[in-house]
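# Understanding the architecture of this molecule
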Number of protein chains: 2
Amino acid sequence: MTDAASPPQPSFHGGPGSGPLVAAPSHEVPPAATRSPAEEARTLVDSQIAGSLASLSDDGTPWASIVTYGATAKGEPVLVLSSMAEHGRNLQREPRCSIVIAEPVEDGVDPLDRARVTLAGRIVDVDGEEADSAIEAHAENFPHARAYARYGDFTTYVLKVERVRWVGGFARMGTVEAADYAAAEPDPTWPGVADARAHLNADHADALVLWARTLGGYDDAATATCEAIDRYGVDLKVVTPRGPASARVAFAEPVAAPVGLRAAPLERVTRANAWDDGGLNSHH
Amino acid sequence: MTDAASPPQPSFHGGPGSGPLVAAPSHEVPPAATRSPAEEARTLVDSQIAGSLASLSDDGTPWASIVTYGATAKGEPVLVLSSMAEHGRNLQREPRCSIVIAEPVEDGVDPLDRARVTLAGRIVDVDGEEADSAIEAHAENFPHARAYARYGDFTTYVLKVERVRWVGGFARMGTVEAADYAAAEPDPTWPGVADARAHLNADHADALVLWARTLGGYDDAATATCEAIDRYGVDLKVVTPRGPASARVAFAEPVAAPVGLRAAPLERVTRANAWDDGGLNSHH
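Keep in mind that what you see is a predicted model, and the values were worked out from it rather than measured. (Residues numbered from 1 in each chain as written. Chains lettered and ligands numbered in written order. Predicted model: local features only at pLDDT ≥ 70, side-chain atom pairs only at ≥ 80, totals over all residues. Heavy atoms only, no water.)

### A closer look at the sheet that holds strand β11 (residues 243–250) of chain B
Residue and element names in this part refer to chain B. As summarised here, the arrangement of the three strands in space is β9-β10-β11, forming an open sheet in which the pairing is antiparallel. Strands at the two margins of the open sheet, each flanked by one partner only, are β9 (223–230) and β11. The sheet shows a mean angle of 20° between the axes of neighbouring strands, taken without regard to direction. With eight bridges joining them, strand β10 (residues 233–240) and β11 adopt antiparallel strand pairing. Each bridged residue has a counterpart across the sheet, and for glycine 233 the counterpart in β11 is alanine 250. Packing against the sheet, helix α6 (residues 193–203) makes contact with β9 and β10, and its axis sits at approximately 165° to β9. Its contacts with the sheet place helix α7 (residues 205–213) against β9, β10 and β11, and it is angled at close to 90° to β9. (Pairing = 2+ DSSP bridges. Helix = DSSP H or I, 4+ residues; strand = E, 2+ residues; numbered from the N terminus. Axes fitted to C-alpha atoms, helices over the stretch in contact; angles between N-to-C directions. Contact = heavy atoms within 4.5 Å.)

### Looking at the interface of chain B and chain A
In this complex, chain B contributes 49 residues to the contact, which on the side of chain A involves 48 residues. Where chain B abuts chain A, roughly 3900 Å² becomes buried across the two surfaces, and 69% of that area is made up of carbon and sulfur atoms. Of all residues in chain B, Pro62, Trp63 and Ile66 of chain B give up the largest surface area on contact with chain A, accounting jointly for 15% of the area buried on that side. Here chain B is connected to chain A by two salt bridges. For the salt bridge of glutamate 86 of chain B with arginine 163 of chain A, the shortest nitrogen-to-oxygen distance reads 2.6 Å. Our count for the chain B to chain A interface comes out at eleven residue pairs in polar contact (both at pLDDT 80 or more). Contributing elements (two or more residues each) for the side of chain B that touches chain A: β1 (50–56), β2 (62–68), β5 (96–102), β6 (116–125) and β7 (154–169) of chain B. (Buried area = accessible area lost by both parts, 1.4 Å probe. Salt bridge = Lys/Arg side-chain N within 4 Å of Asp/Glu carboxyl O. Polar contact = N/O pair within 3.5 Å; in protein donor to acceptor, adjacent residues only side chain to side chain.)

### Brief notes about the packing of aromatic side chains
Residue and element names in this part refer to chain A. Taken as a whole and judged by the stated rule, the model has four aromatic pairs over all chains. Taking 6.4 Å as the distance between ring centres and 80° as the angle between the ring planes, the aromatic pair formed by tyrosine 151 and phenylalanine 154 counts as edge-to-face. Taken together, the ring pairs in this structure connect Tyr148, Tyr151 and Phe154 into an aromatic cluster. (Phe/Tyr/Trp six-rings, centres within 6.5 Å; stacked < 30°, edge-to-face > 60°.)

### Here we look at the sheet that holds strand β10 (residues 233–240) of chain A
Residues and elements named next belong to chain A. The three strands are arranged β9-β10-β11 in an open sheet whose pairing can be described as antiparallel. One side of each edge strand has no neighbouring strand; the edge strands of this open sheet are β9 (223–230) and β11 (243–250). Pairwise comparison of adjacent strand axes, ignoring direction, gives a mean angle of 20° for this sheet. Strands in contact with helix α6 (residues 193–203) are β9 and β10; relative to β9, the strand with the most contacts, it is inclined by about 165°. The strands touched by helix α7 (residues 205–213) within the sheet are β9, β10 and β11, with β9 carrying the most contacts at an inclination of about 90°.

### So, the relation of the copies chain B and chain A
Both copies of the chain are tied together by a single rotation about an axis and a shift running along it. Overlay of chain B on chain A (RMSD 0.0 Å): rotation 180°, translation along the axis 0.0 Å. What we have between these two chains is a two-fold relation. In this assembly the copies share their binding face: 98% of the residues contributing to the interface of chain B also contribute to that of chain A. (Least-squares fit on C-alpha atoms with pLDDT ≥ 70 in both.)

None of the figures reported here should be taken as evidence of function without further support.
Set out below in structure tokens:
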């Protein structure tokens, strides 16, 4: 999952390399499940609606352009493009292409320290029933496509994904097999994550610090804030007297849907308490 | 500036085509200056720090990837890439490439209704003095590049721009000549625009509605809000009893720097008042 192509951590507004020393865990904790690179890629593609297409111009220059998409059940981007647009003409001539889809980045965050995925393969001009379902996939994000996809100068394309390159940020990346990408389940929690994270940080500071002290591995955690949530658990930013740290705490069971996110943390608290009270923390 | 490649206005959360009828101006107004497509393109490139590169993979597939950049005085993107990364290897093999740079988009806005520009040409692996100044251009956005650009596996590239395609949103687009792009001045006001716009809308509602009623062409404007500001003027969203409308009001003189933005609107008020009082509005 890591590879040598990672840049040497250029730091930018507090990015890697410029922070204070990171505190080591105070005790060993069970490994916490995370999403696989294939799940990360599928989730990123599902959670965005636009990316950048690389197609081939008639003079042989790779041509970068913004496209909107919806994804099929296998995570294939569906584009609805005018044949009068340069990228539409390019794809008619040369079906090999790729799309990069990136997590939006806030001001002050290094754009290279965010998740993105490149999907490469061949674009197919679909028709018949395959066009109907492809247009539906696109129309989930852009309802008006149901109308204009049928115009004479518009074509519905599905990218048949042959190669997937996922980058999660600095030093988190990996090539994903196309079959694994197609088979992976997008994390169903992503639509609720922003709200759940705000809720945890606003109303459950005690629970967060408890998780950090027990399953998180930092028994001297003074505060903990939720940085990210996914179906398998939460990432915490921990402050200890020995310095800042990061911790990962897994849910007892993966969350199946966004509506489960609110309940899951409470289940997590129970488990963390039980673990703490059960004498397993013999280092205490 | 318009061309047939514009999609037929797919609407999305209130985009073109889904809104109420737009009111016509109540009186003719002088044409208001706007930025040229070349100025729009230069300003967009100057105001962003990342884009998507289209390079050519060894199997002939155009490869889309995220890159960070800084721009030279001629608006050429400077990239600092590892030769171990796929796009770095691609550029070593095939220097023809392009970069698309897009305005960030808020949730609920159609990603195709925002400004973006594709710069295409040949990437040049610079060295000597040209490398020094190129690295400085990149380092304006990413200061740590001064260190890692000198690492053995990193290369500093300048994109020699041969073709520019600017799209301002739905039905606003145009091909910009490379020489015009290189010669155009980026709008110096962009760093202050967000603050100036907030200031106008918060504290100068009376001035805005006055501009809308006079130089804006809507003498029945009930309210006006500032949608955008550039060195040449402001775009207003106007509400009239006859329906909503858009208006453009030019500054008396182009603004030379961000610090001028606060003063310019007051000058504008003076001129709008003078014009109103001077009997030019004979339709009243």
